[in-house]
Amino acid sequence: MKLVQGEKGNLIKITSLNLEGVMRRRLLDLGFVNGALVEVVRKSPLGDPIAFRVSQTTIALRKEESSKIEGELITDAG
């Protein structure tokens, strides 16, 4: 699944980062690496941006970026 598909409370394990350049480097530096656990903290009413928590850091990403990060669902929001 892509991070953009996550719902509030989901825990997602990153499997791939399909970004290039400065944005890829920035996200890697923040902890968005293969195997990292990402929690969906909050979604805006219109779904953009979405706040994620990774490595004790909360970051908001636009749909454009979060749709290029893939992972597997570990914990469901329900």
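All of the points below concern the structure found in this document.

### Here we look at the side chain of Glu65
- Tracing the backbone through its elements, the reader meets Glu65 in helix H2 (residues 63–66).
- For Glu65, the side chain forms a polar contact with the side chain of Arg62, separated by 2.6 Å.
- Apart from the residues lying within four places of it in its own chain, the contact partners of Glu65 are Leu19 and Met23.

### Description of the pattern of salt bridges
- For the structure on display, the rule yields five salt bridges.
- A salt bridge links Glu39 to Arg53; the nearest nitrogen and oxygen atoms lie 3.1 Å apart. Residue Glu39 is located in strand E2 (residues 37–43), and its partner Arg53 is located in strand E3 (residues 50–54); the two are separated by 14 residues in the primary sequence.
- Looking at Arg53, the relative accessible area reads 36%, which means it is partly exposed.
- Connected via shared salt-bridge partners are Arg62, Glu64 and Glu65.

### Some remarks on the sheet that holds strand E5 (residues 69–75)
- Spatially, E4-E3-E2-E1-E5 is the arrangement adopted by the five strands of the open sheet, whose pairing is antiparallel. Bordering the open sheet on either side are strand E4 (57–61) and E5, each of which pairs with just one other strand. Taking each pair of neighbouring strands and ignoring which way they run, the sheet shows an average axis angle of 40 degrees.
- Where E3 meets E4, five bridges bridge the pair, whose relative direction is antiparallel.

### A few points about the pairing of strand E1 (residues 11–17)
- The sheet contact formed by E1 and E2 spans three bridges and is antiparallel. Directly across from Ile12, in E2, lies its bridge partner Val38.

Rules used in this analysis
- Residues numbered from 1 in each chain as written.
- Predicted model: local features only at pLDDT ≥ 70, side-chain atom pairs only at ≥ 80, totals over all residues.
- Heavy atoms only, no water.
- Helix = DSSP H or I, 4+ residues; strand = E, 2+ residues; numbered from the N terminus.
- Polar contact = N/O pair within 3.5 Å; in protein donor to acceptor, adjacent residues only side chain to side chain.
- Contact = heavy atoms within 4.5 Å.
- Salt bridge = Lys/Arg side-chain N within 4 Å of Asp/Glu carboxyl O.
- Buried < 20%, exposed > 50% of the residue type's maximum accessible area, 1.4 Å probe, protein only.
- Pairing = 2+ DSSP bridges.
- Axes fitted to C-alpha atoms, helices over the stretch in contact; angles between N-to-C directions.

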